[in-house]
Each structure stands twice: as C-alpha cells, then as structure tokens.
Amino acid sequence: HRDLHSFPTRRSSDLCPNEALVALLHDVARRLDAIRRTVFVQIPYRGSRSVTEHEEIIELIAKHAPAEQIETAARKHKLHTVESFREWRDEHATA
C-alpha cells in the first residue's frame, strides 16, 4: 500500500529537474500520509472503500486504460480520503 502511494513522488525526482516542485510533491505526500494514518484509525469504513478504489486503479493500469482515466481515478481516490478526513474533523471539532 505504501509503495503504491509513494511511487509518484519517488519517480518525480528522477523525471523532473524542478527541485522546488519535487519538494512540494514530497511535502504533499507526507501530509497525505499523515491524514491516511488518521483516517484509517478514526474512520474504519474508509479502509474498505480505499481498497476498492485501489483495485479499480490497478484494474485500469492492467487494462492499459488511457493515462487521463487512471489519473482521474487516482485523484478521486485521494480526494475521497481527504473529504472523509475533513468530515471526521468537522464532526469532532464541535465535540
């Protein structure tokens, strides 16, 4: 799981000469990793949904789907995780 999420940032330093952009990508990945750890502990239903989304992304890759379709699925996956975290945070901010 961690390898799947770290692949884009591992490869970015090999492919992109813009050190500032690569640093920004690494920072975003680090923050998303922190959210991911919180989400799966505090929001158990997100784990099973996340696995389903991973399976869909892997299936798209295996089928050689267009890059745009794979990227869209990956972006939606990350957004779902962030949205779940924000919903949890907002619910618990008033408690």
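See the structure above.
For the structure given in this document, a descriptive report is provided here.

Cut-offs used in this document
Residues numbered from 1 in each chain as written. Predicted model: local features only at pLDDT ≥ 70, side-chain atom pairs only at ≥ 80, totals over all residues. Heavy atoms only, no water. Helix = DSSP H or I, 4+ residues; strand = E, 2+ residues; numbered from the N terminus. Buried < 20%, exposed > 50% of the residue type's maximum accessible area, 1.4 Å probe, protein only. Contact = heavy atoms within 4.5 Å. Areas by Shrake-Rupley, 256 points an atom, 1.4 Å probe, with all protein chains shown as cover. Axes fitted to C-alpha atoms, helices over the stretch in contact; angles between N-to-C directions. Parallel < 35°, antiparallel > 145°, perpendicular 65-115°, else oblique. Left-handed = near helix turned anticlockwise from the far one by under 90°. Nonpolar A, V, L, I, M, F, W, Y, C, P; charged D, E, K, R; others polar. Salt bridge = Lys/Arg side-chain N within 4 Å of Asp/Glu carboxyl O.

**Points about the overall build of the chain**
Moving on, step 1. A tally of regular secondary structure across the chain gives four helices and zero strands.
Moving on, step 2. Order of helices (α) and strands (β) in the chain, N terminus to C terminus: α-α-α-α.
Moving on, step 3. Looking at the chain as a whole, 26% of its 95 residues qualify as buried.
Moving on, step 4. By sequence separation, contacts in the chain at least 24 residues apart represent 58% of the contacts at least 6 residues apart.
Moving on, step 5. For the chain, the accessible area works out to roughly 7000 Å², and carbon and sulfur atoms hold 58% of it.

**Quick look at the packing of helix H2 (residues 19–42) against helix H4 (residues 67–93)**
Moving on, step 1. Orientation of H2 relative to H4, taken along the N-to-C sense of each, is 60 degrees, at an axis distance of 10 Å. Classified by the angle their axes make, H2 and H4 are oblique. Both H2 and H4 take part in a crossing whose hand is left-handed. On H4, the residues touching Leu32, Ile35, Arg36, Thr38, Val39 and Gln42 of H2 are Lys78, Thr81, Val82, Phe85 and Trp88.
Moving on, step 2. Partitioning the contact of H2 with H4 into residue classes produces six nonpolar, three polar and two charged.

**Observations regarding the packing of helix H3 (residues 44–62) against H4**
Moving on, step 1. With their axes 9 Å apart at the nearest point, H3 and H4 run at an angle of 170 degrees to one another. Taken together, the axes of H3 and H4 are roughly antiparallel relative to one another. Residues Tyr45, Arg46, Ser50, Glu53, His54, Ile57, Leu60 and Ile61 of H3 touch H4, and the partners they reach there are Gln69, Ile70, Ala73, Ala74, His77, His80, Thr81, Ser84 and Glu87.
Moving on, step 2. Among the residues making up the contact of H3 with H4, the classes are represented as seven nonpolar, seven polar and three charged.

**Points about the pattern of salt bridges**
Moving on, step 1. Applying the stated criterion across every chain, the model contains five salt bridges.
Moving on, step 2. Among the ionic pairs, arginine 30 bridges to aspartate 27, the shortest N-O distance being 2.4 Å. Taken together, the residues arginine 30 and aspartate 27, both in helix H2 and three residues apart, mark about one turn of the helix.
Moving on, step 3. By relative accessible area, which is 28% here, aspartate 27 ends up partly exposed.
Moving on, step 4. Linking glutamate 53 and arginine 46 is a salt bridge whose minimum nitrogen-to-oxygen distance equals 2.6 Å.

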